Each structure stands twice: as C-alpha cells, then as structure tokens.
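Residue-level structural notes
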Amino acid sequence: MLKLMKYLKQFIGSIFLIILLLVLQAVCELSLPQYTSNIVNVGIQQGGIQSSVPDVIRGSSLQAIQIFLNDEEKQMVTNSYEELKKESMEQDKWDSLVKKYPALESEQLYQLKDLDKEQQTTLEDTLVVPLMMIQSIVQQQGEEGVYQISLLPSSQIEQMVEQTKTQLETVGDMLSQQVGVQFVKAEYTAIGVDMDQLQSNYIFIAGAKMILLSLGSMAAAVCVTFFAARVAASLGKNLRGNVFQQVISFSDAEFDKFSTASLITRSTNDIQQVQLLVVLMLRLLFYAPILGIGGVIKVFNTNTSMAWIIGLAVGLIMLVVLFLFTVAMPKFKALQQLIDRLNLVTREILTGIPVIRAFSRERYEEERFDVANRQLTRTNLFVNRVMAGMMPIMMFIMNIVTVTIVWFGAKQIDLAQMQVGDMMAFITYTMQIIMSFLMITMMSVMLPRALVSVRRIDEVLSTKSSIVDKANTKGLKHMGEVCFDNVSFSYKDADENVLEHISFTAKPGETTAIIGSTGSGKSTLVKLIPRFFDVTEGKITIDGVDIRDVSQKELRESIGYVPQKGVLFSGTIESNIKFAHENITDEAMNKAARISQSEEFIGQKPEKYQSPISQGGTNVSGGQKQRLSIARAIAKDPKIYIFDDSFSALDYKTDVALRKALKEETSDATVIIVAQRISTILHADQILVLDNGKIVGKGTHEQLLDTCNVYKQIAQSQLSEEELGKKEVKANE
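The rules behind each value
- Numbering of residues begins from 1 in every chain and follows the order in which that chain's sequence is written.
- This being a predicted model, a pLDDT of at least 70 is required before a residue's local features are given, and a value of 80 or more before pairs of side-chain atoms are given or counted; all residues contribute to the totals for chains, interfaces and linings.
- With hydrogens and water stripped out, all remaining heavy atoms of the structure feed into the side-chain values.
- Helix and strand labels come from DSSP, where a helix needs a run of H or I of at least four residues and a strand needs a run of E of at least two; each type is numbered from the N terminus.
- When accessible area is computed with a 1.4 Å probe and restricted to protein chains, residues below 20% of their type maximum are described as buried, those above 50% as exposed, and intermediate ones as partly exposed.
- Contact between two residues is taken to exist if any of their heavy atoms lie within 4.5 Å; hydrogens are not considered.
- Here a polar contact is recorded for every N or O atom pair within 3.5 Å, except that within protein the pair must consist of a potential hydrogen donor and a potential acceptor, and residues adjacent in sequence are included only if both atoms are side-chain atoms.
- The pairing criterion for strands is at least two bridges between them, as found by DSSP.
- To get an axis, fit a line to the C-alpha atoms, keeping to the stretch in contact for a helix; angles then go from 0 to 180 degrees between the N-to-C directions.
- Both cavities and pockets are sets of points on a 1 Å grid over the protein atoms alone; in a cavity a 1.4 Å probe fits but cannot get out, in a pocket the set is open with protein on both sides within 12 Å along at least five of seven lines, and lining residues sit with an atom within 4 Å of a point.
- Grid points are joined across faces, edges and corners, and a volume is the space filled by probe spheres set on the points.
- For this classification, Asp, Glu, Lys and Arg are treated as charged, while Ala, Val, Leu, Ile, Met, Phe, Trp, Tyr, Cys and Pro are nonpolar and the rest, including Gly, are polar.
- Each Phe, Tyr or Trp ring (for Trp, its six-membered ring) is paired with any other whose centre lies within 6.5 Å, and the angle between the two planes then decides the class: stacked below 30 degrees, edge-to-face above 60, tilted in between.
- Note on geometry: a ring has a charge over it if NZ (lysine) or CZ (arginine) is within 6 Å of the ring centre and within 35 degrees of the ring normal.

1. Examining the environment of Asp685
Tracing the chain through its elements places Asp685 in the loop between helix H25 (678-681) and strand S14 (686-691). With a relative accessible area of 36%, Asp685 lands in the partly exposed category. In this structure, the C-alpha to C-alpha distance between Asp685 and Lys507, residues 178 residues apart in sequence, is 9.6 Å. Once residues within four sequence positions are removed from consideration, Asp685 is found in contact with Gly509, Glu510, Thr511, Lys663 and Thr700. Among the polar contacts made by the side chain of Asp685, one reaches the main-chain amide nitrogen of Thr511 at a distance of 2.7 Å.

2. Digging into the sheet that holds strand S15 (residues 694-699)
The 6 strands are arranged S9-S12-S13-S6-S14-S15 in an open sheet whose pairing can be described as mixed. Lying at the two open borders of the sheet, with one neighbouring strand each, are strand S9 (559-562) and S15. Neighbouring strand axes in the sheet, compared pairwise and without regard to direction, differ in orientation by 15° on average. Pairing geometry for strand S6 (residues 511-516) and S14, over 5 bridges, is parallel. Paired with Thr512 across the bridge in S14 is Gln686.

3. Examining the layout of surface pockets
Counted as a void, the largest pocket has a volume near 2400 Å³. Forming the boundary of the largest pocket are 48 residues, of which Phe532, Pro563, Val567, Phe569 and Phe579 lie nearest the centre. Those elements that place two or more of their residues in the lining of the largest pocket are helix H10 (195-249), helix H11 (252-257), helix H12 (260-285), helix H14 (307-351), helix H19 (552-557), S9 and helix H23 (622-635). For the lining of the largest pocket, the leading source of residues is H10, giving 6 residues. Split into classes, the residues belonging to the lining of the largest pocket amount to 21 nonpolar, 14 polar and 13 charged.

4. Some thoughts on the packing of aromatic side chains
Following the criterion strictly, the structure yields 8 aromatic pairs and no others. An angle of 85° between the planes, with centres 5.3 Å apart, marks the rings of Tyr491 and Phe533 as edge-to-face. On the criterion of sequence distance, the pair formed by Tyr491 in the loop between strand S4 (482-489) and strand S5 (499-506) and Phe533 in the loop between helix H18 (522-527) and strand S7 (537-542) is long-range, its members being 42 residues apart. Classification of Tyr491 by relative accessible area gives partly exposed; the value is 31%. Ring centres of Tyr641 and Phe643 lie 5.9 Å apart, and the angle between their planes is 0°; this geometry places the pair in the stacked category. Across the pair, exposure class does not vary: Tyr641 and Phe643 are buried alike. The aromatic ring of Tyr287 is capped on one face by Arg283, whose charged end is 5.8 Å from the ring centroid.

Read these as spatial facts, not as claims about activity.
Below, the structure is given as structure tokens:
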C-alpha cells in the first residue's frame, strides 16, 4: 500500500477534496435516520408536538402548574413566559396570533420566550412532575379537581409531589415525556390550535429536509465518483507513461529479466487493476470508516441499549473476512502470474503460426493454450465464487441483526423504554455500520490482487538500467573509427565469457567483416558498439573516446544499425525509411531506397512510398523487409554502419548490386558487416574470424585462406574449388 501511496502524492489535493466530499455525504446520510425517527415519534405519535413544554399556555393552566412548584421553580417558570397583550404589538401581528390561537380573544395566553438549550432542558425537567400530576387529576376529576387540590395545605401538596416523583422513577423518562406531550396537546386544543395542520406541517418540513439531505448526499457521491475516476485515470496514464519510458530505457540485460509477455501484462492488466483499486479505495475504503464511526456515534446518541448487537454483527463479519483472507489470498497472488502465462502462450502461438502449420502442430498448440486457459479460468472462477458467496453471507448477517433488533426493541417499546422511531433509526444506523464493514470486506477481497499488480509495476519502475549516461559526457569527432581494446564480455550471472580479448580497429572508408560459426559471438560483438550491453573488460572507443563516456543519444545517432532480424513498424514505406528522424528529405529517402535495391519493388506498388506496412512487416517478403531495414539505416547517413547478417534473405544478384552501391555511397564511413556467407565479405578490407568468442583470424580473404584454418573450412563449405583459387578470385575482383 505504501508503494501505491508514493504514486498518489501528486494527487493529494484531489484526494483531500474527495475526503471532504465523503464527510459531507456521510453527514447527509447519517442525518436521514434521525429525521425518519422524528417523523414517527413526533410527527405521527405526538401529533407534531416536539416538546413537553408548551409554546403557548393559558393563564389558568400556568397557575395550575405553579401549584406544584416551590418558590424558586415558580419564579423560573414565570420568567420563561411572557403574556401576549394586544397593546404591546401591532394590529397585523395581533390578528395573525388570533388566527393561530383563537382563544386569545377570550383568554389570557402566555408565550414561551426564546430560551437556550440549557434553559429549555431545565424547564422541561421542572415541568415533568406538575404536568404529570395535572394530567392525572384531570383524567380522574376533571379541571375542577385541580382547583380543589390548590385548596389543600402546602405540606400535603408537597407530599403528593414527592409521591409523584417516586412513581416517575419507576415508569421512566419516556412515559413521563408522553404524559407531558398529552398535556401540551390538550392545552393546544383548548387554545384552538389546528392540530391536524400542526402535524402536517411538521411531517412536511421534516420530509423536505430529508429530500435536501438526499440531494446533498447524491451530489457529493457524484462529485466523489467523478474526482475518484479522474484521479484513477490520471494515475493509470502516468503509470503507463512511466512504465513505457522505463522499458524504453532498459538495456538488453533488463529485457532478459522481464519477458515481453510480462511487460505487456504489467502495462495493461496490472495498471487496470491499480486503477480499479484507486477508484474503489477513494470511493469505498475512505468512506467506510467515516460512515462506520459516524454510525457508532449516532447509535450511542439514540435512546437505546442495544449496542451489543452491533458488536455481535461486527464480530461475525470479521470472522467472514478472516476466512476469505485465509482461503482466497494464495489464489490472488497466483492470478497475475497465470495471466502472464496465458499472454506468453498466446503471443508465441500467434507469432509462430507459419511454423506451427508447417509442422502440423496445431493440435499440440491448442492443448498448450487450453492448459494455460483452464488454469486461469479455474483460478478466476474460484475468486469470483468467493466474492459471489460473500454477499449472501453478509445479507444473512444483516437480516439476522435486523430481526434481533426488532425482537429486543419490541420488548423495550412495550416497557415504554423506547419509541418506535428510535428502533427504526437504530436499525438504519446498524445497517450503515454493517455496510461500512461490508465495503471494507469487499476491498479486502480485491486488495491482494491489486497490491500484487502494484508490486509488479513498481518492480519495473524500480529496476534501473544497467547502462546509463555519466554525469559529464564527452562528444565525438564524428570520424567513425571504432576500436576494440582487449574487450571481454559475459552475460549477467553467466559462468563463462561470451567474448574474450577482442582487439581490432575498424577505420572510416573501410569495410570490416565478421564471420564465424553459429554461436561464436558475432551478433553480441556488434551489439556492444551501440551499448546494448556494456563490456565486462577492456573498452570500445570511437574516435579515441570510450563509448561509456559518450551520451547514448549521441553515440547511437552516429550509428546506422540493421539488426539480424529486420523490424518494420505499422505505417507506410515512407514512415519506415524516415524512421531515424523527421528531417530526412524525400530525396534522401529515394536515394536510400535506390542503394538498398528497394526502388524496384516499391515502384511496382500502386501507392509507391505511401504503401501500407502492417505490424511487423508481415505484408512484405523477408528480402523486402531486409532491404527496407537497410534503406532506413542508409537514409540516416551515419558515420558508422553495422549490418548484423542483414543480407541473408537477399538473392545473390541483389546482394552483389546492393554491396556495390553501398560501397560507392559509404566510401567515407566505417562499415561493419556480420555475415554467414563468404560471398558477402570477399571484398572486405578486414575480416575477423570468431570461434568460441575469440578472434582466431584477422586479414583479407586471401590472407585468411592461408593463415586461418577455421576460415578455410568455412570457405571450403561455401565456395567451389575454382573460387578458392587465388588467381580466380583476383580475376573476379
């Protein structure tokens, strides 16, 4: 996870904004259950009356309340209300109050002052006993009974108050509050308040607030999804770009470490997994603790004593998560490797179709693909079944929790210790808490696979190229003299050197040829010049400068390299010949095509240089592909040409014509040719004979026939007796 965080640093601003939006969404969603509870408790059960303290009260009722209060309490209650007098207000306001409270015209009414929360609570606690006593007396004796009680001695009234307080401790706050609400309802009815309208207004206002909260939650969720998707997409783009740039900077040694199929998987599937993880992390993983903690806080603020049910539910969920981790984790680690394997097999089959058909191995390759496909399918099915089985288990836990809450909540409602709305709110909060753990559980299932992808991507990005430029590089004189000074080379972790003590000089205006048996190190030798690998011992210089002291860009710009296997890119013939840089003119392109003997087959195509080239050059022949690769190097007009067995697919006539034209146009350049055919290098100024990584012969064709047994054996296997004669060879020249 820490590796992922370092790639998300640049998006810290967007992530902070997302967290703020998630908090807003959680606040909105956590507020909704309370409004639902209020609609049931206050709007339906209490008729819209929110408090046991009346906002407006008749003077007679206020006097009746004061019968059961001590002097201090009387003063506090008196100071909490003010009389509504016509003389002290404007006529319009008075008429509005009369319309709202019809009894105002015939009775003396008192209105509650604006009290703070603490004063309101104190007043409610003070009025609990008087309201309960008045409600009880009125139900038994009518309003006259209150008057009769007022005539009793104060000591007797105080005794009645104490008895009521004792009863109040046994019935609980919920019942006493309901008694107070009943008093307020009766008082409002006596004043003439429209109770139906009061109830409707309360429900309507609460419902409107719920709609606004829902809209706020929706807007926050949409914004979070937008920003999360944007962060994930930007991260994916950056990772793909970074991985591509890193891979481009790799030397051949790093390419040997990572297979092509694995690099493709890491650049596509792995980055997609990381994108999905980031979206879910920003959308769910960050939201889950906010919602869960908020839900717990809300639960402890409700009038319930069933928090233990939430603890039970969380414990069951954690057991499920632990089981999933134990069972599924190993499969997630293997999943990406199986995708690598499938990509590798698919790539090999698609690129090797001609060979497969030639040897009638279709059935074998189908079975090989089927094995890789089945292994991946089985693992995917297991993972998907685990994830699919998780949801029913979680839903079962949620339903069991709901039933448990209803079971124990009903008992508390029956004992007047809880209201129906409180139980509904508790159920909703519990579901939100469980849902937060469900989100974490979903992430915990997906997290291992995504973290594997993160590690695989980080492995590529953390791999440093073994070939890097020095801090202070030197420039080249661009003359083109290449010198090998006691060069030895071995691949990483290899036991033996591939090349040993190689020393020679390739001069401008001369052709240096390299020949030898298969596996003798010819291609490896020429790959050292553009620094595809670095020498193990000795040094290679160009114009007297060690190539390790030259920047790779300048070094490779001075070299025209034609690989052993011709490589063409999707595009046109023109784009492939001009691949070296954008400044190559049409004239230079035509000249390169003419020298490489490509002009003839290009001219036969309807679109000439605009003829399309498919990926890998599959729509041209092997010889045409080689000629276009050679044309690409010639169009670059470098000081050093390297042809790594680049004439093998050419017929003898084309080979001779190409070498003749090449000799004329590259008279001032250094030409290094790796060849299998002696006919290709007969006229070379210098021929190096390699055998097991060592130079066993150096000289011209005639000299080597006399001095090098290895070269003579190669010549005897390729040339006739007449061609081996020195005079005949000179005559041919």
